[in-house]
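Listed here are the chains, written in short residue letters.
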Amino acid sequence: MSSKHSNPVPQILPLELVDKCIGSRIWIIMRGEKELVGTLRGFDEFVNMILEDVTEYEYSAEGTSKKQLEKILLNGSNVCLLVPGSEGPEKSVPC
C-alpha cells in the first residue's frame, strides 16, 4: 500500500489579504459606475475603508470624470473588487 503525502496549501483569509494592503495603493471597483484608487490606511470587519490620496473615476454615457480626494471613508457594502498594488484603470494593461 502506498501512502500519498500531500503538501498543504497555505490559506489566506480575505481580511488577512486586506490587512496586508495597509499602506499600499489599492484599486477598488464599486457597484455601479465608480472606481477608486488610493492608499489604504485602515479598515474594519465590514471592509469599510479609510483611503488617502484618492482618485475617483465615474463612468457615464457622457464619458469618464476623474476627481482627486485627499481622504475618504468608504462604505464597504458597495465594494465589488479589490486589486492590491494597482494604480487603477489608467495603468492597467488591456486584454
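The preceding data block contains the structure.
Since we're looking at a predicted model, the values are computed, not measured. In this numbering scheme, every chain counts its residues from 1 along its sequence in written order. Only residues with pLDDT of 70 or above have their local features reported here, since the model is predicted, and side-chain atom pairs are shown and tallied only from 80 upward, although totals for entire chains, interfaces and linings are computed over all residues. With hydrogens and water excluded, all non-hydrogen atoms of the structure serve as input to the side-chain values.

A. Looking closely at the side chain of Ser86. Every helix listed is a DSSP run of H or I at least four residues long, and every strand listed is a run of E at least two residues long, numbered separately from the N terminus. Looking at where Ser86 falls in the secondary structure, it is placed in the segment after strand E5 (79-84). Buried means the residue's accessible area, taken with a 1.4 Å probe over protein chains only, is under 20% of the maximum for its type, while exposed means over 50%, and partly exposed covers the values in between. Judged by its relative accessible area of 13%, Ser86 falls in the buried class. At a separation of 3.1 Å, a polar atom in the side chain of Ser86 contacts the main-chain amide nitrogen of Gly88. For Ser86, the contacting residues outside a window of four places in its chain are Arg25, Ile26, Trp27 and Val37. We define a polar contact as two N or O atoms separated by no more than 3.5 Å, with the added condition that, inside protein, one atom must be a possible hydrogen donor and the other a possible acceptor, whereas residues neighbouring each other in sequence contribute only through side-chain atom pairs. It only takes one pair of heavy atoms within 4.5 Å for two residues to be counted as in contact.

B. Spotlight on the pattern of salt bridges. Only one rule defines a salt bridge in this text: a Lys or Arg side-chain nitrogen within 4 Å of an Asp or Glu carboxyl oxygen. All chains considered together, the criterion is met by six salt bridges. A salt bridge links Arg41 to Glu52; the nearest nitrogen and oxygen atoms lie 2.7 Å apart. In this pair, Arg41 is assigned in strand E2 (residues 34-43) and Glu52 in strand E3 (residues 49-60), connecting sequence segments 11 residues apart. Overall, the relative accessible area of 43% leaves Arg41 in the partly exposed class. Judged by its relative accessible area of 24%, Glu52 is partly exposed. One salt-bridge network, in which partners are shared between bridges, spans Arg25, Asp53 and Glu87.

C. Just the sheet that holds E3, in detail. The criterion for strand pairing is that DSSP finds at least two bridges linking the strands in question. Strand order in the open sheet formed by five strands is E4-E3-E2-E1-E5, with antiparallel pairing between adjacent strands. A single partner strand is all that each edge strand has here, and the edge strands are strand E4 (63-74) and E5. Averaged over all neighbouring strand pairs, the angle between strand axes comes to 25 degrees, with direction disregarded. Relative to E3, E2 runs antiparallel, the two sharing eight bridges. Residue pairing for E3: Lys34 is matched across the bridge by Glu58. The angle between two axes is taken between their N-to-C directions and runs from 0 to 180 degrees, where each axis is a line fitted to C-alpha atoms and a helix contributes only its stretch in contact.

D. Structural detail: the side chain of Arg25. Along the polypeptide, Arg25 turns up in strand E1 (residues 25-30). Within the local environment of Arg25, its side chain forms a polar contact with the side chain of Thr39, the two groups lying 3.2 Å apart. Sequence-distant contacts of Arg25, that is, excluding residues within four places in its chain, are made with Val37, Gly38, Thr39, Glu52, Asp53, Pro84, Gly85, Ser86 and Glu87.

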